[in-house]
Amino acid sequence: MGKNTGLVYTNEKCIVCNKCISVCPVPSANYAVKLADGSSRIEVEGDACISCGACFDACKHEARSYRDDTEQFFQDLKKGVKISLLIAPAFMANYPTEYQNYLGILKAAGVHRIISVSFGADITTWAYLNYISNHKFLGGISQPCPAVVNYIERNIPELLPKLMPVHSPLMCGAMYVKKYM
């Protein structure tokens, strides 16, 4: 991938305060670079970044950005692409009085189905219990967080056999929707 080419990247607001580096759990995910105009900034190594978001919280200069596909999403809906959404259960908790309006707007814009990720969590729980009982697998690491999995894959590969061989609730839900809905 390379510097500043992943999901998370550094924008022009960087003042090289190094706060992003100090909170990043992956030492090789940030690099100081000298720009053509002689200034410097901290860039993100796309292959090393686990997209955990810690740098967004730490940066008071709003110098971190992420690749946003929102416009593409709405363009695809206008073209008639059949899109289903999986919504995190926290969505309703974060927008208790507005969530129905937001979901209605998305449905009116052409979203095919809206499914709660809690449905995927039920599938994940069933798969965990099934795997544990069939394989007598104890001491495994559950993996609902892609940042944790990315970190283990890139930095502690000896823990890979300890990862539960079950997808996250989001992925389980997405796979079910794609296969059966």
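No experiment lies behind these values; they were computed from the predicted model shown. Counting of residues starts from 1 at the beginning of each chain's written sequence and follows it residue by residue. With the structure being a predicted model, the display of local features is reserved for residues of pLDDT at least 70 and the display and counting of side-chain atom pairs for 80 or more, all residues being used for whole-chain, interface and lining totals. Each side-chain value is worked out from all heavy atoms of the structure, with water and hydrogens disregarded.

**Some thoughts on the pattern of salt bridges**
Counted as salt bridges are all cases of a side-chain nitrogen of Lys or Arg within 4 Å of a carboxyl oxygen of Asp or Glu. Under the definition given, this model contains two salt bridges. Across the salt bridge formed by K13 and E62, the nearest N and O atoms sit 3.7 Å from each other. Here K13, found in the loop between strand 1 (8–10) and helix 1 (19–23), pairs with E62, found in the loop between helix 2 (54–58) and strand 4 (64–66); they are 49 residues apart in sequence, far enough to count as distant. By relative accessible area, which is 40% here, K13 ends up partly exposed. Two residues, R41 and E43, come together in a salt bridge whose shortest N-O distance is 3.0 Å. Just as R41 is buried, E43 falls in that class too. Note on conventions: DSSP H or I runs of at least 4 residues are helices, E runs of at least 2 residues are strands, and numbering of each starts at the N terminus. Classification of residues uses two cut-offs on accessible area relative to the type maximum, computed with a 1.4 Å probe and protein chains only: under 20% is buried, over 50% is exposed, and between them is partly exposed.

**Considering the nonpolar core**
By nonpolar core is meant a set of buried Ala, Val, Leu, Ile, Met, Phe, Trp, Tyr and Cys residues that side-chain atoms within 4.5 Å join together. In this structure, V8, V26, A29 and C49 are the most contacted members of the largest nonpolar core, which totals 14 residues. By the convention used here, residues are in contact when the closest approach between their heavy atoms is within 4.5 Å. In this structure, V8 is in contact with V44, C49, S51, C55, F56, R64, S65 and Y66, ignoring residues within four places of it in sequence. Of all hydrophobic cores here, the second largest spans nine residues; its members include I87, F91, L106 and V111.

**Thoughts on the side chain of T10**
Assignment of secondary structure puts T10 in strand 1. For T10, a relative accessible area of 4% translates into the label buried. Identification of polar contacts relies on pairs of N or O atoms within 3.5 Å, with a donor-acceptor requirement for protein atoms, meaning one able to donate a hydrogen and the other able to accept it, and with residues adjacent in sequence counted only if both atoms are side-chain atoms. Polar contacts involving the side chain of T10 include one to the main-chain carbonyl oxygen of I42, which spans 2.5 Å. Ignoring any residue separated from it by four or fewer positions in sequence, one finds T10 in contact with N4, R41, I42, E43, V44, A63 and R64.

**Quick notes on the pairing of strand 2 (residues 30–34)**
Pairing analysis gives five bridges linking strand 2 to strand 3 (residues 40–44), with the strands arranged antiparallel. In the sheet register, N30 faces strand 3, and the bridge partner there is V44. The pairing criterion for strands is at least two bridges between them, as found by DSSP. A loop of five residues connects strand 2 with strand 3, the two strands running antiparallel in sequence, and G38 in this loop sits at a positive phi of about 95°.

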